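Structure at a glance
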Amino acid sequence: KRLDNRGPIIVGQVLDQLPLPKTGKLHVLDAGCGTGLCAPLLQPFAEVLHGCDLSVGMLNESRKKGCYTLLTRSDLSSIGTLPPGPFDLIVTSDVLVYFGDLAEVFRNFARISRPGGWLIVTVEDAGDPGPAQGWTLDVSGRHRHTLTYLKSALAKAGYSAPRHVVQATLRREMGVPVPGIGFATQR
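Summary of the structure given here. (Residues numbered from 1 in each chain as written. Predicted model: local features only at pLDDT ≥ 70, side-chain atom pairs only at ≥ 80, totals over all residues. Heavy atoms only, no water.)

What follows covers the pairing of strand β4 (residues 87-93). The buried fraction of β4 amounts to 7 of the 7 residues, a majority that puts the element mostly inside the structure. When strand β1 (residues 26-31) meets β4, the two strands line up parallel, connected through 3 bridges. From the neighbouring strand, D30 faces β4, where its bridge partner is V91. In the sheet, β4 pairs with strand β5 (residues 113-125) via 6 bridges, with the strands oriented parallel. Its bridge partner lying in β5, F87 is registered against S113. With respect to chirality, the unit in which β4 leads through helix α4 (residues 103-112) into the neighbouring parallel β5 is right-handed. (Buried < 20%, exposed > 50% of the residue type's maximum accessible area, 1.4 Å probe, protein only. Helix = DSSP H or I, 4+ residues; strand = E, 2+ residues; numbered from the N terminus. Pairing = 2+ DSSP bridges. Right-handed = clockwise from strand over helix to strand, strands pointing away.)

In structure tokens, the structure reads:
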């Protein structure tokens, strides 16, 4: 609450624009699920709601909510630790800020996603044109990415251009708004 984390709100806005039925039939991955903030938004879509996170502490907090079918410890940059899928929908909210180069993470998501499967992402916005490499490390220790870089990295991993783009405040850092980007893309 103190951070005014709006990642789940942005995910909800993007979800509302997708042609996904709320019939509880999809295999959904909450990648970097943290404490499970997105789980209530994802449950109506999911037959299987799988949460994964690098932090055992976060997984324990998620477990307390009782929303997930499965929880596993995973490193998004290491394919061997990720659930095998295939997933109809992968959501990663306010997680990719811990990575600069997203090429490997996007390739990993593509490997465990069904053809036609959706990926919903939120990241901190570096603005465009932004840094030459497409991302920058902020003083907070988190990375910010440009939309131009995201489009390029997604295309190389086999995803469509971002759709349903939402640019809004992702959270507050010491009371200062942190600009964010949320979007959907399809494999």
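Back to the text.
With a side-chain oxygen lying 3.3 Å from the backbone nitrogen of G57, the N-terminal cap of helix α3 (residues 56-65) falls on S55. Where α3 terminates, the next one or two residues include G66, which has phi positive at roughly 65°. (Polar contact = N/O pair within 3.5 Å; in protein donor to acceptor, adjacent residues only side chain to side chain.)

Topologically, T122 is positioned in strand β5. What makes T122 buried here is its relative accessible area of 0%. A distance of 3.5 Å separates the side chain of T122 from the side chain of S93, its partner in a polar contact. Those residues in contact with T122 that sit more than four places away from it in its chain are G7, I10, V11, T92, S93, D94, V95, L170, I181 and G182. (Contact = heavy atoms within 4.5 Å.)

Here we come to the nonpolar core. Formed by 29 residues in total, the largest nonpolar core has its most connected members in L76, I90, L96, F106, F109, L119 and L150. For this core, the secondary structure elements donating two or more residues are β1, β4, α4, β5, α5 (147-157) and β9 (176-186). For this core, the leading source of residues is α5, giving 6 residues. One finds L15, L18, Y68 and L71 within the second-largest nonpolar core, a separate group that totals 26 residues. (Core = buried A, V, L, I, M, F, W, Y, C linked by side-chain atoms within 4.5 Å.)

Attention now moves to α4. By the burial criterion, the buried members of α4 are V105, F106, N108, F109, A110 and I112. Here the buried face of α4 lies against β1, β4, β5 and α5.

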